[in-house]
Amino acid sequence: SKLTGLSLSELASRLSHDLVEGSNGEGGYFISGDISTQLFRDDCTFVDPTNSVSSLSRYQNALKILFDPERSYVQLVEPLTIDENKKQITARIRSGGVLQLPWSPRISSYESLIVYTIDDNSLVERQDQVWSISAFEALKETFTPPSFSAPSDG
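Each chain carries its own residue numbering, running from 1 in the direction its sequence is written. Residue-level local features of this predicted model are given only where pLDDT is at least 70; pairs of side-chain atoms are given and counted only at 80 or more, and the full residue set underlies all totals for whole chains, interfaces and linings. Only hydrogens and water are removed before side-chain values are computed, so all heavy atoms of the structure are retained for them.

Draft legend 1. Region of interest: the nonpolar core. The criterion is simple. A nonpolar core is a set of buried Ala, Val, Leu, Ile, Met, Phe, Trp, Tyr and Cys residues joined through side-chain atoms within 4.5 Å. The cut-offs for exposure are 20% and 50% of the maximum accessible area for each residue type, with area from a 1.4 Å probe on protein chains only; residues under the lower value are buried, those over the upper are exposed, and the others partly exposed. Residues Leu15, Leu19, Tyr29, Phe40, Ile89 and Tyr116 are the most contacted members of the largest nonpolar core, which totals 34 residues. The way it works is that DSSP assigns letters per residue, a run of H or I at least four long becomes a helix, a run of E at least two long becomes a strand, and they are numbered from the N terminus. Every element with two or more residues in this core is listed here: α1 (8-20), α2 (29-32), β1 (40-48), α3 (56-64), β3 (73-83), β4 (88-98), β5 (106-118) and β6 (124-131). What makes two residues a contact is simply this: any of their non-hydrogen atoms within 4.5 Å. Those residues within four positions of Tyr29 in sequence are excluded, and the remaining contacts are Asp18, Leu19, Gly22, Asp34, Ile35, Phe40, Tyr59, Leu63, Tyr116 and Gln127.

Structure (C-alpha cells):
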C-alpha cells in the first residue's frame, strides 16, 4: 500500500535513504532498483536524458538489470532541498559503476540533479533527472570495454 500524507521533510528523508542505501539496503535505487514503491504513484513518470517511462514497476525492473550493485555506487553530493510552494524535492547525487552487460562497461563518475514533484497525497508523481554528462557520452561509455585505453605516445 502507499504511504500517503507524509510531510515533504519526511518524504525527503526517506528518498535520501533510498538514493544512497536503497529501501532494503541493497544499494542506492538508481543502481539496484531497491526503491520504496510506497512513496511513488504507480503511474509516476520517470524522465532522464535517454528515456521516459510512466510506470513505477517498469522503471524499477529496468533499474534492476542496468547496474551491477556490487561494483557501482551512489553518493549524495549535498542534502536534499525542499520547495514547499512548488511541492518539489531536489537531490544531487554522484554515481558510477559497472553495467550488467557481457563486456562489463564501466560508467565513470557523473552527477545527477533529480527533481521529485509531489502530488496532493504526498506521493512522488514525477521524477526528472538531468546528468552532468550528455546522453551521447553515457551511450559511448556503454559500448567501451573497461580494458580499453588510448594508445600512448611512445
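Draft legend 2. Region of the structure containing the environment of Gly25. Tracing the sequence through the fold places Gly25 in the loop between α1 and α2. With relative accessibility at 56%, the residue Gly25 sits in the exposed group. As a C-alpha pair, Gly25 and Ile35 span 10 residues in sequence and 9.9 Å in three-dimensional space.

Draft legend 3. Seen up close, the pairing of β6. When β1 meets β6, the two strands line up parallel, connected through 4 bridges. Across the sheet, Phe46 pairs through a bridge with Gln127, a residue of β6. Any two strands with at least two DSSP-identified bridges between them are counted as paired. Pairing between β5 and β6: 7 bridges, direction antiparallel. Counted as the bridge partner of Ile114 is Gln129 from β6. In this antiparallel pair of consecutive strands, β5 and β6, the connection spans 5 residues, and Ser122 shows a positive phi of 65°.

Draft legend 4. The environment of Gly96, seen in detail. The topology assignment puts Gly96 in strand β4. C-alpha separation for the pair Gly96 and Phe30, spaced 66 residues apart in sequence, amounts to 9.9 Å. Gly96 has contacts with Phe67, Ser72, Tyr73, Ile107 and Ser108, leaving out every residue within four places of it along the chain.

Draft legend 5. Summary view of the sheet that holds β1. Spatially, 6 strands are ordered β2-β1-β6-β5-β4-β3 in an open sheet, and the strand pairing comes out mixed. Where the open sheet ends on each side, the last strands, each with one partner, are β2 (51-53) and β3. Adjacent strand axes in the sheet meet at a mean angle of 20°, parallel and antiparallel pairs treated alike. Across 3 bridges, the pairing between β1 and β2 is antiparallel. The axes used here are C-alpha line fits, helices contributing only the stretch in contact, and every angle between their N-to-C directions lies in the interval 0 to 180 degrees.

Draft legend 6. A look at the pattern of salt bridges. One side-chain nitrogen of Lys or Arg within 4 Å of one carboxyl oxygen of Asp or Glu is enough to make a salt bridge. Inspection of every chain in the model, using the stated rule, returns 11 salt bridges. A salt bridge links Arg14 to Glu10, with the nearest nitrogen and oxygen atoms 2.6 Å apart. Highlighted residues: Arg14 and Glu10, both in helix α1, separated by 4 residues, approximately one helical turn. Note on Glu10: relative accessible area 31%, which makes it partly exposed. Salt bridges linked by common partners bring Arg41, Asp43, Asp119 and Glu125 together as one network.

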